[in-house]
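Residues per chain are reported as follows:
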Amino acid sequence: MSDFKTRFVLDCELEYPRLNQYYWFNSSTRKSEPCEKTRPGAEKSVGFKLPKDKAVELWNDAKAHFNDVKSRKPDMGDFKTIHSYRENEDGTISFRAKRKGMTARGTPGADIAVVDGNNKLLDDVGFWGGSIGGVKFSMLPTFNQSKNEWGITFMLDKVQVTQPIYGGDGGEDFPVHNTANNGSSTAATSDDLYQDSIPF
């Protein structure tokens, strides 16, 4: 059995796309900045927004996968969260999927395929947030050291953009929260216990 589980989310609003090149989070400026693929922390990512009922379905699926892996790895703690989820004022829930530029072994990782509605490579991947499409990602149990939380990280595999939006300077960035970390997480290694609940 694999620690990864593939998941598709279709016909959703895409947010904060960082797919045209690699980015790293500059803790001094509190912004994502372009960088080389080989830079520590370099990653490509995209957010997506779901209505609450779809978000609950995704949350429960992530929790079930986490518990399945935990049944084979008893040193893991209890499921607490999907890392990087965010509640929006309009009642929707946002998530983010990401992929690092380099693997844990220090070798270049596979690039992210971005395709159009016909599954052909998208010519211009510098589309804006608000575009419509789908996201393919793998759910992986991870432990967030800075928050001391167990949960699921979405590892980005592929993005489909069916209704792209282009324009402007591409300066939008992820919102900054005082309790947020720089997106780092490590493989599950702790046995801390938490209460399970859907926070939204």
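Remember, predicted model here, so these are calculated numbers, not experimental data.

**Overview of the overall build of the protein**
At step 1: In terms of helices and strands, the protein carries 1 helix and 10 strands.
At step 2: Mapped in sequence order, the helices and strands of the protein form the string β-β-β-α-β-β-β-β-β-β-β.
At step 3: Scored against the burial criterion, the 200 residues of the protein give a buried share of 42%.
At step 4: Put simply, of all contacts in the protein between residues at least 6 apart along the chain, 76% involve residues at least 24 apart.
At step 5: Summed over its atoms, the accessible surface of the protein is roughly 10800 Å², and 48% of this surface lies on carbon and sulfur atoms.

**A look at the confidence of the model for the protein**
At step 1: Within the protein, residue pLDDT values average 87, and 84% of them lie at 70 or more.
At step 2: Long-range and interchain partners of residues 177–196, a stretch whose pLDDT sits below 50, account for 53 contacts in this model, where long-range means more than four residues apart.

**A word on the pairing of strand S2 (residues 31–35)**
At step 1: Examined bridge by bridge, strand S1 (residues 5–26) and S2 share 5 bridges and lie antiparallel to one another. Within the sheet, the bridge partner assigned to Phe25 lies in S2 and is Ser32.
At step 2: Hairpin remark: S1 followed by S2, antiparallel, with 4 residues in the connecting loop; positive phi at Arg30, about 60 degrees.

**Focus on the nonpolar core**
At step 1: Residues Leu14, Phe48, Phe95, Phe137, Phe154 and Val159 are the most contacted members of the largest nonpolar core, which totals 33 residues.
At step 2: When neighbours within four sequence positions are excluded, Phe154 is seen to be in contact with Phe48, Leu58, Ile82, Phe95, Arg96, Ala97, Lys98, Phe137, Ser138 and Met139.

**Looking at the packing of aromatic side chains**
At step 1: Under the defined criterion, the tally for this structure stands at 10 aromatic pairs.
At step 2: Residues Phe66 and Trp150 carry aromatic rings whose centres are separated by 6.2 Å and whose planes lie at 85 degrees to one another, so their mutual orientation is edge-to-face. Of the two residues, Phe66 is situated in helix H1 (residues 52–72) and Trp150 in strand S9 (residues 149–163); the sequence distance between them amounts to 84 residues.
At step 3: According to the relative accessible area criterion, Phe66 is buried, its value standing at 0%.

**A closer look at unusual backbone geometry**
At step 1: Residues other than glycine seldom take positive phi values, yet Arg30 does so here, at roughly 60 degrees.
At step 2: Mapping Arg30 onto the fold places it in the loop between S1 and S2.
At step 3: Owing to a relative accessible area of 31%, Arg30 belongs among the partly exposed residues under this scheme.

**Observations regarding the pairing of strand S8 (residues 132–144)**
At step 1: Burial analysis of S8 places 11 of its 13 residues in the buried class, which makes it a mostly covered element.
At step 2: Note: S1 against S8, 7 bridges, orientation antiparallel. Among the inter-strand pairings, Lys5 is bridged to a residue of S8, identified as Met139.
At step 3: Here S8 folds back onto S9 in antiparallel fashion, the turn holding 4 residues, of which Asn148 has a positive phi close to 55 degrees.

**Focus: H1**
At step 1: When the terminal C-alpha atoms of H1 are compared, their 31 Å separation across 21 residues agrees well with the 30 Å that a helix rising 1.5 Å per residue should span.
At step 2: Taken together, the buried positions of H1 are occupied by Ala55, Leu58, Trp59, Asp61, Ala62, His65, Phe66 and Val69. For H1, the buried positions fall inside an angular range of 165 degrees around the axis, keeping them on one side. Along H1, exposed side chains directed more than 90 degrees from the buried face belong to Asp53 and Ser71.
At step 3: Residues of H1 that are buried in the fold lie against S1, strand S3 (43–50), strand S4 (81–82), strand S6 (93–100), S8 and S9.

**What to know about the environment of Asp111**
At step 1: Structurally, Asp111 can be placed in the loop between S6 and strand S7 (113–115).
At step 2: For the pair Asp111 and Lys158, spaced 47 residues apart in the sequence, the C-alpha separation amounts to 9.0 Å.
At step 3: With near-sequence residues (within four places) excluded, Asp111 lies in contact with Tyr22 and Lys44.
At step 4: A polar contact is formed between the side chain of Asp111 and the side chain of Tyr22, at a distance of 3.4 Å.
At step 5: Side-chain polar atoms of Asp111 contact the side chain of Lys44, separated by 2.9 Å.

What counts and what doesn't
- Residues numbered from 1 in each chain as written.
- Predicted model: local features only at pLDDT ≥ 70, side-chain atom pairs only at ≥ 80, totals over all residues.
- Heavy atoms only, no water.
- Helix = DSSP H or I, 4+ residues; strand = E, 2+ residues; numbered from the N terminus.
- Buried < 20%, exposed > 50% of the residue type's maximum accessible area, 1.4 Å probe, protein only.
- Contact = heavy atoms within 4.5 Å.
- Areas by Shrake-Rupley, 256 points an atom, 1.4 Å probe, with all protein chains shown as cover.
- pLDDT = per-residue confidence, 0-100.
- Pairing = 2+ DSSP bridges.
- Core = buried A, V, L, I, M, F, W, Y, C linked by side-chain atoms within 4.5 Å.
- Phe/Tyr/Trp six-rings, centres within 6.5 Å; stacked < 30°, edge-to-face > 60°.
- Expected span 1.5 Å × (residues − 1).
- Arc of directions from axis to C-beta.
- Polar contact = N/O pair within 3.5 Å; in protein donor to acceptor, adjacent residues only side chain to side chain.

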